[in-house]
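Understanding the architecture of this molecule
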Amino acid sequence: MGKAVSLITDYLLTQLYDFAKSSSDADQYRRLSAIAGIRDGASRSEAAKVGGVQLQTLRDWVLRFNKHGPEGLLDRKAPGASPKLGADYQAALVQLLEDCPDLDKHGVVRWRLQDLVSWSK
């Protein structure tokens, strides 16, 4: 079994509890409470029970806390898929949408999804 990741000592126990109490994010509160438990001398297993997670997840929280502090325990937005259209096509599409379709120029009186898809090819 590997050695537990050390918790940084930049924050006092009271500061950790204050961060947890002032958090409006329930998940951050739970994570900070588990981290505070470790700082208070609880075993990693006990701290994982406080956080309602497995030891590996608690280890990930400790790593995030060590790197980013309490802000690192907030949920992060997933990056999502990369856009299928390049920046130049996106800008042209925005301009096309802002301009009303012209029957003579575009062959349509209103934009439909299939019209825009055929234009983007």
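First things first, this report covers the structure right here in the doc. (Residues numbered from 1 in each chain as written. Predicted model: local features only at pLDDT ≥ 70, side-chain atom pairs only at ≥ 80, totals over all residues. Heavy atoms only, no water.)

Side note on the nonpolar core
Grouped together as the largest cluster of nonpolar side chains are 16 residues, with contacts concentrated most on Ile35, Leu58 and Phe65. For this core, the leading source of residues is helix H2 (residues 26-39), giving five residues. (Core = buried A, V, L, I, M, F, W, Y, C linked by side-chain atoms within 4.5 Å. Buried < 20%, exposed > 50% of the residue type's maximum accessible area, 1.4 Å probe, protein only. Helix = DSSP H or I, 4+ residues; strand = E, 2+ residues; numbered from the N terminus.)

A short note on the packing of helix H3 (residues 44-51) against helix H4 (residues 55-68)
Across the interface, H3 lies against H4 with an axial gap of 9 Å and an inter-helix angle of 90°. It follows that H3 is roughly perpendicular to H4 by the angle criterion. Between H3, through Arg44, Ser45, Ala47, Ala48 and Gly51, and H4, the contact on the second element is made entirely by Leu55, Leu58, Trp61 and Val62. Here the contact of H3 with H4 is built from residues that sort into six nonpolar, two polar and one charged. (Axes fitted to C-alpha atoms, helices over the stretch in contact; angles between N-to-C directions. Parallel < 35°, antiparallel > 145°, perpendicular 65-115°, else oblique. Contact = heavy atoms within 4.5 Å. Nonpolar A, V, L, I, M, F, W, Y, C, P; charged D, E, K, R; others polar.)

Focus on the packing of H2 against H3
At a closest axis distance of 8 Å, the pairing of H2 and H3 adopts a crossing angle of 160°. Classed by the angle they form, the pair H2 and H3 counts as roughly antiparallel. Crossing hand, H2 versus H3: right-handed. Across the interface between the two elements, Arg30, Ser33, Ala34 and Ile38 from H2 touch Arg44, Ala47, Val50 and Gly51 from H3. When grouped by side-chain class, the residues that make up the contact of H2 with H3 number four nonpolar, two polar and two charged. (Left-handed = near helix turned anticlockwise from the far one by under 90°.)

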